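Structural overview for review
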Amino acid sequence: MSYENIILDVSEGIGTITFNRPKALNALNQALLKEFSDALDAVSRDEEIRVLVLTGAGEKAFVAGADITDLATFNALSARYFSGTGHGVIGKLQELAIPVVAAVNGFALGGGSEIALACDFIYASETATLGLPEITLGIIPGFGGTQRLPRLIGRNMAKELIFTGRMITAEEAMTIGMVNRVCPPEALMGEVMETARKMASMGKVALRAAKMAVGRGLDVSLANGCALEIDAFSLCFASEDAGEGTTAFLEKRKAVFKAP
Ligand code: CO8
């Protein structure tokens, strides 16, 4: 499939989606969101892809938010439609069975931060700026920011950032637990790919089970989460990878996971 606003690359089991409207700092218009949604469908259908990476084209931005030229034309009805569409796409991203890493290479603002927040974790360039500045436009986050940010960094810090619209550096984002690692700009993709390759080399069933247990577990009580872990743990033993991993350890060799 060919895209105009994103690029989808697949290499060595790792898919990379690059948001590609650099002149508008990769802002999210409806065409881009539709292509992103289609690309996520393609990724979830492709059994070869074990890890997905998201990043932005150009040196300045990951995604600088929803396209403000579109927002300026909205009424309450079209805003509801666009917000609902965005939630659908970002929900699809969060529901992918494989790990997803956001490589935040520059501005990740508004909808850009909201996409990164739906990934499993974020690595950012030292030059990146993150934030939810919607309040400065007279609106609020509409792609999940009011829900995912407090769940990730805590209620009060999230409220401060959402109520003031203050943009933060990658370093501050790491301090508050929004970003896992900060890298020099030229090292960002190398570090993201190294981590992606490491995850891709793990057993496919175990990787999916781990993501499912953590993700679903956060939405339920501890007791239900632990019950869910028991199911996910036992599922791993239905794959030959568990036999390979434990045998390789005992034979003092590196495990080679082959389960389809
Ligand atoms: N939308 C459209 N165009 C944009 C956007 C955007 N979000 N951000 C930047 N651009 C464009 C600029 O207009 C400019 O275009 P041009 O060259 O044609 O004038 C080009 O990108 C370069 O930008 P700047 O010249 O402004 O670059 P600076 O380095 O001076 O500033 C900033 C960079 C700080 C990133 C600045 O561009 C900025 O503040 N951008 C807007 C950031 C923002 O407020 N984002 C949040 C948007 S709201 C949102 O995301 C809501 C999501 C949920 C929506 C739910 C829908 C109902």
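The rules behind each value
All residue numbers here refer to positions counted from 1 along the written sequence of the relevant chain. Confidence filtering applies because this is a predicted model: local features only for residues at pLDDT of at least 70, side-chain atom pairs given and counted only at 80 or more, and all residues used for totals across whole chains, interfaces and linings. Heavy atoms throughout the structure, all of them, feed into the side-chain values; hydrogens and water do not. UniProt positions are given in the numbering used here, feature names are shortened, and annotations may be inferred rather than shown by experiment. Note on definitions. A residue lies near a molecule or strand when any single heavy atom of the residue is within 4 Å of it. We call two N or O atoms a polar contact when they sit within 3.5 Å, provided that within protein one can donate a hydrogen and the other can accept it, with sequence-adjacent residues counted only if both atoms are side-chain atoms. Areas reported here follow the Shrake-Rupley algorithm with a probe of radius 1.4 Å; residue values treat only the protein chains shown as occluding. Strands are runs of DSSP state E lasting at least two residues, helices are runs of H or I lasting at least four, and both sets are numbered from the N terminus onward. Side-chain classes follow a simple rule in which Ala, Val, Leu, Ile, Met, Phe, Trp, Tyr, Cys and Pro form the nonpolar group, Asp, Glu, Lys and Arg form the charged group, and the remainder, Gly included, forms the polar group. The disulfide definition used here is simple: a pair of cysteine sulfur atoms within 2.5 Å. We call a residue buried when its accessible area falls under 20% of the maximum for its residue type, exposed when it is over 50%, and partly exposed in between, using a 1.4 Å probe and counting protein chains only. At least two DSSP bridges between two strands are needed for those strands to be called paired. Angles shown run from 0 to 180 degrees and are taken between the N-to-C directions of axes, each axis being a line fitted to C-alpha atoms and, for helices, limited to the stretch in contact. Oblique is the label for every angle not falling under 35 degrees (roughly parallel), over 145 degrees (roughly antiparallel), or within 65 to 115 degrees (roughly perpendicular). Handedness of a crossing follows from how the near helix is turned relative to the far one, being left-handed for an anticlockwise turn of less than a right angle and right-handed for a clockwise one. Contacts between residues were defined by any pair of non-hydrogen atoms, one from each residue, lying within 4.5 Å. The salt bridge criterion pairs a side-chain nitrogen of Lys or Arg with a carboxyl oxygen of Asp or Glu, the two atoms within 4 Å.

The protein is annotated in an unreviewed UniProt entry as Short-chain-enoyl-CoA hydratase of Desulfosarcina widdelii. Per UniProt, the protein has the following entry under Sequence similarities (unreviewed entry): "Belongs to the enoyl-CoA hydratase/isomerase family."

**Looking at the site of the ligand**
Near the ligand, the surroundings consist of 24 residues, among which Lys-60, Ala-64, Ala-66, Ile-68 and Gly-111 are the closest. Separating an oxygen atom of the ligand from a side-chain N or O atom of Lys-60 is a distance of 2.6 Å. At 2.7 Å, a backbone N or O of Ala-66 approaches an oxygen atom of the ligand. Protein contacts shield 65% of the accessible area of the ligand, which totals 1100 Å² for the unbound molecule. Secondary structure elements with two or more residues in the shell around the ligand: helix 2 (68-71), helix 3 (76-95), strand 6 (107-109) and helix 4 (111-117). In terms of residue count, helix 3 provides more of the shell around the ligand than any other element does, three residues in total. Partitioned by chemical class, the residues of the shell around the ligand number 14 nonpolar, five polar and five charged.

**Here's the deal with the state of the cysteines**
Applying the stated criterion across every chain, the model contains zero disulfides. As a non-bridged cysteine, Cys-183 has Cys-119 as the owner of its nearest cysteine sulfur, 15 Å distant. The exposure class assigned to Cys-183 is buried, which follows from its relative accessible area of 0%. Cys-236 takes part in no disulfide bond, and the closest cysteine sulfur, belonging to Cys-226, lies 16 Å away.

**Digging into the sheet that holds strand 4 (residues 61-63)**
If you walk across this open sheet you meet the four strands as 4-6-8-9, and the pairing is mixed. In this open sheet, the two edge strands, each paired with only one partner strand, are strand 4 and strand 9 (168-169). In the sheet, strand 4 pairs with strand 6 via two bridges, with the strands oriented parallel. If you follow Val-63 over to strand 6, its bridge partner there is Ala-108.

**Here's the deal with the packing of helix 1 (residues 30-45) against helix 3**
Between helix 1 and helix 3, the least distance of the axes is 10 Å, while the angle of their chain directions is 25°. One way to sum up the angle between helix 1 and helix 3 is to call them roughly parallel. Considering only the axes of helix 1 and helix 3, their crossing is left-handed. In contact with Gln-30, Leu-33, Phe-36, Ser-37, Leu-40 and Asp-41 of helix 1, helix 3 contributes Tyr-81, Phe-82, Gly-86, Val-89, Lys-92 and Leu-93. Partitioned by chemical class, the residues of the contact of helix 1 with helix 3 number seven nonpolar, three polar and two charged.

**Things to note about the pattern of salt bridges**
Counted by the stated rule, this structure contains ten salt bridges. Linking Arg-216 and Glu-95 is a salt bridge whose minimum nitrogen-to-oxygen distance equals 3.0 Å. Here Arg-216 is found in helix 9 (residues 204-217), whereas its partner Glu-95 is found in helix 3, with 121 residues between them in sequence. Note on Arg-216: relative accessible area 42%, which makes it partly exposed. A salt bridge links Glu-172 to Arg-166; the nearest nitrogen and oxygen atoms lie 2.9 Å apart.

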